[in-house]
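Okay, here's what each chain looks like letter by letter:
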Amino acid sequence: MGRIKITRRLLNNYRKYKMEIPLLEYELDEFWMTDKGMGNSTILDYRTGFPRPQSVVGFDGDQYRRRKAALQARKDSIEAVEMWINAIEDGQTRCVFRMFYIDGMSWQKIAEKIKCTGNHAADYPRICIRDAYLKQMKIK
């Protein structure tokens, strides 16, 4: 795994990437088990002296490699985000990041868990904890 820079975009895509992994793994399995991995190309056959289009059918290795690379990139990104979250020193901040990104909780649920009360309780963990930490770490 190469060094992946943590950005707001990567954090925002974390949940989406986590949902895509089983789909990409299923797709790669389907490539081998079914005809989904088959593709065709058209070549020009000059055996008669004139170009005649001929179809060539076979396993689409390029598409398979692209999907496999996308799967590995997703796994690397998820691992980088989880390692970054686990490395946060402040316990409350780490807990808020873990609950939102890894556990998939809503801001309202997080506010209830950390005992926030008031009209804008759901905004407190998002603005005062997460956004403040991202600003402190200069993550854009």
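Just so it is clear, the structure is predicted and the values come from calculations on it, not from any experiment.

Moving on: the overall build of the chain. Looking only at helices and strands, the chain features five helices and two strands. Listing the helices and strands of the chain from first to last along the sequence gives α-β-β-α-α-α-α. The C-alpha atoms of the chain give a radius of gyration of 23 Å, which is well past the 14 Å a tight globule of 140 residues would have. Oriented by its inertia axes, the alpha-carbon framework of the chain measures out at about 80 × 30 × 25 Å. In the chain, buried positions account for 33% of the 140 residues. A sequence separation of at least 24 residues applies to 53% of the contacts in the chain between residues at least 6 apart. Summed over its atoms, the accessible surface of the chain is roughly 9800 Å², and 52% of this surface lies on carbon and sulfur atoms. Side chains of the chain carry 26 positive and 18 negative charges; the gap between the two charge centres is 6 Å.

Of all hydrophobic cores here, the largest spans 34 residues; its most connected members are I6, L11, W84 and F97. Of all the secondary-structure elements, those providing two or more residues to this core are α1 (8-33), α2 (61-86), α3 (91-102), α4 (107-113) and α5 (123-136). Ranked by residues supplied to this core, first place goes to α1 with eight residues. Every residue in contact with W84, bar those within four places of it in the chain, is listed here: I6, L11, F97, Y133, L134 and I139.

Looking now at α3. For α3, which comprises 12 residues, the first-to-last C-alpha distance of 15 Å matches the rise-based estimate of 16 Å (1.5 Å per residue) to within 8%. Within α3, burial applies to T93, V96, F97, M99, F100, Y101 and I102. Taken together, the buried residues of α3 touch α1, α2, α4 and α5. Backbone geometry just downstream of α3 places G104 in the positive-phi region, at approximately 75°.

All right, on to a nonpolar patch on the surface then. Nonpolar side chains collect at one region of the surface, where W32, M33 and F59 lie side by side and expose about 400 Å² of accessible area between them. Positionally, W32 belongs in helix α1. By relative accessible area, which is 54% here, W32 ends up exposed.

Relative to the assigned elements, R52 resides in strand β2 (residues 52-59). We classify R52 as partly exposed; its relative accessible area is 37%. Residues R52 and R126, 74 residues apart in the sequence, show an inter-C-alpha distance of 63 Å. In contact with R52, not counting residues within four places along its chain, are I43, L44 and D45.

What follows is about the packing of aromatic side chains. The full count for this structure, using the stated rule, is six aromatic pairs. An angle of 70° between the planes, with centres 5.6 Å apart, marks the rings of F97 and Y133 as edge-to-face. In this pair, F97 sits in helix α3 while Y133 sits in helix α5, placing the two residues 36 residues apart along the sequence. Here the aromatic rings of F100 and W107 are separated by 4.1 Å at their centres, their planes lie at 15°, and the arrangement is stacked. With respect to burial, F100 and W107 carry one shared label: buried. Taken together, the ring pairs in this structure connect W84, F97, F100, Y101, W107 and Y133 into an aromatic cluster. The side chain of R15 reaches across the aromatic face of F100, ending 4.2 Å from its centre. A cation over an aromatic ring shows up here: R130 above the ring of F100, its NZ or CZ 6.0 Å from the ring centre.

Definitions and cut-offs
- Residues numbered from 1 in each chain as written.
- Predicted model: local features only at pLDDT ≥ 70, side-chain atom pairs only at ≥ 80, totals over all residues.
- Heavy atoms only, no water.
- Helix = DSSP H or I, 4+ residues; strand = E, 2+ residues; numbered from the N terminus.
- Rg over C-alpha atoms; globule rule 2.2 N^0.38 Å.
- Buried < 20%, exposed > 50% of the residue type's maximum accessible area, 1.4 Å probe, protein only.
- Contact = heavy atoms within 4.5 Å.
- Areas by Shrake-Rupley, 256 points an atom, 1.4 Å probe, with all protein chains shown as cover.
- Lys, Arg positive; Asp, Glu negative; His and termini not counted.
- Charge placed at Lys NZ, Arg CZ, Asp CG, Glu CD.
- Core = buried A, V, L, I, M, F, W, Y, C linked by side-chain atoms within 4.5 Å.
- Expected span 1.5 Å × (residues − 1).
- Patch = residues over 30% accessible without salt bridge, like charges linked within 9 Å, V, L, I, M, F, W, Y side chains within 5 Å.
- Salt bridge = Lys/Arg side-chain N within 4 Å of Asp/Glu carboxyl O.
- Phe/Tyr/Trp six-rings, centres within 6.5 Å; stacked < 30°, edge-to-face > 60°.
- Lys NZ or Arg CZ within 6 Å of the ring centre and 35° of its normal.

The quantities given are spatial measurements derived from coordinates; they are silent on function.
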